[in-house]
Structures are given as C-alpha cells and as structure tokens.
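What follows is the residue order along each chain.
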Amino acid sequence: MPEVIDLILAKRDGRRLADDEIRWLIAAYARGQVADEQMSALLMAVYFHGLDQAELRTWTAAMVASGDRLDLSQVPWPTVDKHSTGGVGDKVSLILAPLVASCGAAVPQLSGRGLGHTGGTLDKLESIPGWRAALPPSDMLAVLGQVGCVICAAGPGLAPADRRLYALRDVTGTVESIPLIASSIMSKKIAEGTSALVLDVKVGGGAFMRRLVDARELARTMVALGSEHGVRTSALLTRMDAPLGRAVGNAVEVEEAIATLQGEGPEDLVEVTLALAVEMLRLAGVDADPAAALADGRALGKFRAMVTAQGGDPDAPLPRAAHSETMFAPEAGWLHRLDARAVGVAAWRLGAGRARKEDPVDPAAGVFCLVKPGDPVTRGQPVLELRSNDDDRMTGALQSLEGAIEIGPHPPEAQSLILERIGP
Ligand code: URA
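Let me sum up the structure you'll find in this document. If you're wondering where the values come from, they're calculated on a predicted model, not measured in any experiment.

To continue, consider the environment of A207. Turning to its location among the elements, A207 is positioned in the loop between strand 4 (196-203) and helix 10 (212-228). Judged by relative accessible area, A207 falls into the buried class, the value being 0%. In this structure A207 touches G86, K202, M240 and R341, once residues within four positions along its chain are discounted.

Before going further, it helps to examine empty space enclosed by the protein. Applying the stated rule across the entire model yields 2 cavities of 30 Å³ or more. Volume-wise, the largest cavity comes out at about 140 Å³. What lines the largest cavity is a set of 20 residues, and nearest its centre among them are H117, T118, G119, A352 and G353. When residues of the lining of the largest cavity are traced back to their parent elements, those giving at least two are strand 6 (247-249) and helix 15 (340-352). Residues that form the lining of the largest cavity fall into these classes: 6 nonpolar, 12 polar and 2 charged. Taken domain by domain, the makeup of the lining of the largest cavity includes at least three residues from each of domain 2 (80-155 + 169-309) and domain 3 (323-408). Of the volumes computed, that of the second largest cavity is approximately 30 Å³.

Our next topic: the sheet that holds strand 10 (residues 376-377). Here we have 3 strands laid out as an open sheet, ordered 10-8-12, and antiparallel in their pairing. Edge positions in the sheet fall to strand 10 and strand 12 (405-408), since each of these pairs with one other strand and no more. Where strand 8 (residues 333-338) meets strand 10, 2 bridges bridge the pair, whose relative direction is antiparallel. In the strand pairing of strand 10, G333 is matched with V377.

Looking only at helix 8 (residues 160-170), the buried set comprises A161, D162, L165, L168 and R169. With its buried residues spanning 130° around the axis, helix 8 presents them on a single face. Taken together, the buried residues of helix 8 touch helix 2 (19-30), helix 3 (36-49), helix 4 (53-65) and helix 9 (178-192).

Turning our eyes to something else, we now look at the sheet that holds strand 7 (residues 323-328). If you trace the 4 strands from one edge of the open sheet to the other, you get 6-9-11-7, paired in antiparallel fashion. In this open sheet, the two edge strands, each paired with only one partner strand, are strand 6 and strand 7. In this sheet, neighbouring strand axes are inclined to one another by 15° on average, regardless of whether the strands run parallel or antiparallel. Where strand 9 (residues 366-369) and strand 11 (residues 382-388) come together, 4 bridges link them in antiparallel fashion. From the neighbouring strand, V367 faces strand 11, where its bridge partner is L386. Sitting on the sheet, helix 11 (residues 251-261) touches strand 6, strand 9 and strand 11, and the angle it makes with strand 6 is about 140°. On the sheet, helix 15 packs against strand 6, strand 9 and strand 11 and is oriented at approximately 140° with respect to strand 9.

Per the counting criterion, the structure on display carries 0 disulfides. Cysteine C103 is unpaired, with the sulfur of C149 as its nearest cysteine sulfur at 11 Å. Given the relative accessible area of 10%, C103 is considered buried.

A separate point is the packing of helix 8 against helix 9. Where helix 8 meets helix 9, the axes come as close as 10 Å, and the angle between the chain directions of the two elements is 150°. Here helix 9 runs roughly antiparallel to helix 8, going by the angle between their axes. Along this stretch, helix 8 crosses helix 9, giving a crossing that reads as left-handed. Contacts between helix 8 and helix 9 pair D162, Y166 and R169 from the former with L180, I181, S184, S187 and K188 from the latter. Here the residues of the contact of helix 8 with helix 9 sort into 3 nonpolar, 2 polar and 3 charged.

Cut-offs used in this document
Residues numbered from 1 in each chain as written. Predicted model: local features only at pLDDT ≥ 70, side-chain atom pairs only at ≥ 80, totals over all residues. Heavy atoms only, no water. Helix = DSSP H or I, 4+ residues; strand = E, 2+ residues; numbered from the N terminus. Buried < 20%, exposed > 50% of the residue type's maximum accessible area, 1.4 Å probe, protein only. Contact = heavy atoms within 4.5 Å. 1 Å grid on protein atoms, 1.4 Å probe; cavity = no way out; pocket = protein on both sides within 12 Å on 5 of 7 lines; lining within 4 Å. Points joined across faces, edges and corners; volume = space filled by probe spheres on them. Nonpolar A, V, L, I, M, F, W, Y, C, P; charged D, E, K, R; others polar. Domains from an automatic or database assignment. Pairing = 2+ DSSP bridges. Arc of directions from axis to C-beta. Axes fitted to C-alpha atoms, helices over the stretch in contact; angles between N-to-C directions. Disulfide = S-S within 2.5 Å. Parallel < 35°, antiparallel > 145°, perpendicular 65-115°, else oblique. Left-handed = near helix turned anticlockwise from the far one by under 90°.

Structure representation (structure tokens):
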C-alpha cells in the first residue's frame with residue numbers, strides 16, 4: 001500500500017505515477033480512506049504537471065471502477081449519447097435526445113445540474129410539472145427500452161469517485177485542468193454504458209474553454225479516452241460567444257426547445273442540434289435524416305413520450321415569473337456582441353442557477369434575448385427581457401449586463417457555429 005505523501009511528492013516534482021498507485025489512490029479516496037487535504041495537494045500537483053495519456057487512462061478507468069457500469073446490451077437499438085461541456089442557453093439535449101431516438105438510435109443521457117453561469121439540463125426539465133430526474137437504473141432502462149431516449153440524473157453508484165473529487169476540485173481551484181475535466185466527464189459517460197458518444201466542446205467567452213487551442217486539446221484528450229475504453233467517440237467544437245437561441249434559464253429554455261421541436265426554432269440552435277444529430281447517427285451507424293424528423297413532428301412525439309414516461313405532463317403550463325425588466329439598445333445599428341457569460345451570470349443572479357449545490361432554483365427566472373448578434377436595432381429598442389420571481393434580484397442581474405452588448409454601424413460578418421470536428 002503506497003503512502004499518499006509519496007504520491008504527492010512524486011507529482012509535485014513532475015514524476016509520473018504508476019498504474020497500481022493510481023488505482024489504489026482513487027479507490028481509497030472513494031472509500032474515504034484518503035484525507036481531503038492530501039487529495040487536494042495531489043490535485044493541485046496534477047493541475048500544474050498534468051497526467052500523461054497512460055496515467056490518464058488508468059485514472060479514468062479507476063474512477064469508472066469505483067462504481068457500477070450500466071449494461072445497455074438489452075436495448076434494441078444502437079446506443080449513442082452526447083455531452084456538452086456547458087454553455088449559456090444550451091438546451092440542445094432537450095431536442096437532440098428525442099430527435100436522435102426518432103431516427104432509430106437510443107440515447108441514454110445521464111445529465112447534471114447547473115452550477116455557476118451555465119445551466120443544467122435536469123434543472124430545465126424539472127420546470128415541467130411532475131417530471132422526475134431521479135430514476136433507479138431499472139426505471140431508466142425501462143424508459144430507454146420503451147421510448148428510445150431518457151434524460152435523468154446519474155445515480156450514486158455511478159463513478160462515485162468523481163462525485164467526491166469534483167466537489168473537492170470545486171473548492172480547491174482545481175477544476176480548470178484538462179486531464180481532470182476529461183477524466184471526470186469521460187468516467188461518467190463510460191460508466192453509463194453507451195456504445196458511442198459525441199462531445200460538444202464549447203469554445204468562447206461563455207464557455208469553460210475560452211481559447212480554441214484549449215478546447216481542441218480537451219476534445220482530443222476525451223476522444224482518445226473514449227476510444228481506449230471501447231466507446232466510439234468524436235467531438236464537435238462549437239462557438240459559445242453569444243447565448244444559443246434566445247432563451248436562457250429553465251422553463252423559458254423548455255419553451256424554446258418545444259418550439260424548436262415544432263419547427264419554429266432559432267437558426268443557431270437548429271444548426272448546432274442538427275450537426276450533433278448527424279454526428280451521433282453516423283457514430284451509431286444509422287442512416288437517417290434528422291432534419292426531416294425535426295420537421296415532420298416525429299422528434300416532438302418522442303419528446304412528449306419521454307416526458308410522460310418520467311412522470312411529467314407535456315401539456316401543463318410552464319411556470320411564469322412574477323416580475324420582469326427590460327434592457328434597451330443605447331443606440332441604433334447592428335448588434336455585434338451579446339456576451340454569453342454576462343447573460344449567463346444575469347440569469348443565474350435572477351435565480352435560474354444556484355450558488356451552492358443544495359440551493360433551489362427559480363424555474364421561471366431567466367433572460368430572454370429579443371435581439372441576437374447580426375440583427376438590426378433602433379435606439380431604445382428592447383434587447384433583453386429579465387424575468388424573476390424575486391424583484392430584489394433585478395439590480396444585481398442588470399449590473400452583470402453592463403458592457404454586455406455592443407452595437408456597430410454595419411452588419412457583422414456571419415460566422416458558422418461549428419468550428420471543427422475531431423474524430424476517433
Ligand atoms: N463537467 C464535469 O462533469 N466534470 C468536470 O470536471 C467539468 C465539467
């Protein structure tokens with residue numbers, strides 16, 4: 001049995017850890033046999049020195065082995081999932097899972113909650129009355145087998161080492177490390193049992209990865225980890241400088257996702273969703289046209305079936321906020337920039353997100369973007385609508401939007417949202 005201090009000293013001094021040392025460390029930490037202060041020091045050493053590909057493979061495998069790995073072999077369709085590294089207004093999963101299922105692949109999506117300025121898929125879906133995020137594995141498999149898609153919370157048995165490590169990283173300044181992010185995300189996706197996975201790695205001011213080079217390295221690292229663990233994995237790097245679509249929050253994003261499933265989605269959201277759907281179907285080996293399934297209502301039908309199977313009422317009215325404020329254009333021209341991070345922080349301050357894991361969210365809170373980059377504006381035209389059930393939150397939200405919009409005298413150049421594909 002190694003001494004933890006020796007592992008800390010080795011990493012601190014830039015040496016690699018042996019496979020059996022890593023396996024022991026992760027298993028012992030998951031069992032509560034390594035003190036948080038020692039693990040914190042080791043994580044900080046990893047933050048500065050990284051892990052090489054072999055160390056990372058063993059580290060990730062040890063995180064998977066700390067819990068159960070779901071068996072999806074009885075699902076009657078090829079399985080494929082998507083993971084987004086987190087963006088503002090990113091309600092893609094709500095549309096994509098039923099869309100891909102309606103094309104003949106099964107989507108077993110274990111999702112998370114929002115923390116900080118990016119929202120969480122589960123918080124969004126929970127604004128639908130009755131909808132349940134917590135499903136035991138047997139129920140998750142039943143919904144998947146019956147509908148073809150499921151979006152639910154990862155149970156406590158899935159990569160429990162990551163649960164502890166992520167909470168520790170969150171309070172020790174060690175979240176923004178490519179090997180730690182890659183092993184955290186991939187251990188959960190590998191344990192979920194999917195055969196294929198498409199990563200939506202967001203790049204830009206509203207994303208974890210602000211620079212293309214970092215996003216590319218994260219994507220390559222995760223794609224390699226997936227392949228090494230028998231999960232066909234590819235990644236799309238997508239732009240996250242402005243919010244995706246117009247709605248940022250919970251209920252407001254569900255509304256926009258349903259409108260998109262009804263064929264009335266904003267162009268940018270449809271572009272990213274269809275690109276990911278094409279990539280997922282390609283990895284799953286399914287020959288189908290997702291644009292047709294979105295247009296003819298098949299995807300909407302799957303969404304309604306998935307919501308119903310998880311206890312939700314797809315026809316129930318969604319919560320509405322008691323208070324709203326409007327932000328107006330200070331001058332005429334074309335909207336050049338709508339800062340995704342600032343809008344995300346505003347939505348969070350309005351109550352759509354949480355400061356601590358245990359905090360409740362306000363399902364009706366959020367920001368609606370009445371104007372998007374590229375649109376013409378007149379002086380005094382409403383640009384953003386802020387919504388909350390707590391009027392006291394408006395001032396802080398408005399403050400976070402100072403400098404968030406930029407208006408120019410000419411139309412900005414149109415930019416594709418899909419920057420790069422990284423294949424297995
Ligand atoms: N999401 C995760 O699941 N883990 C990370 O480390 C970062 C984002």
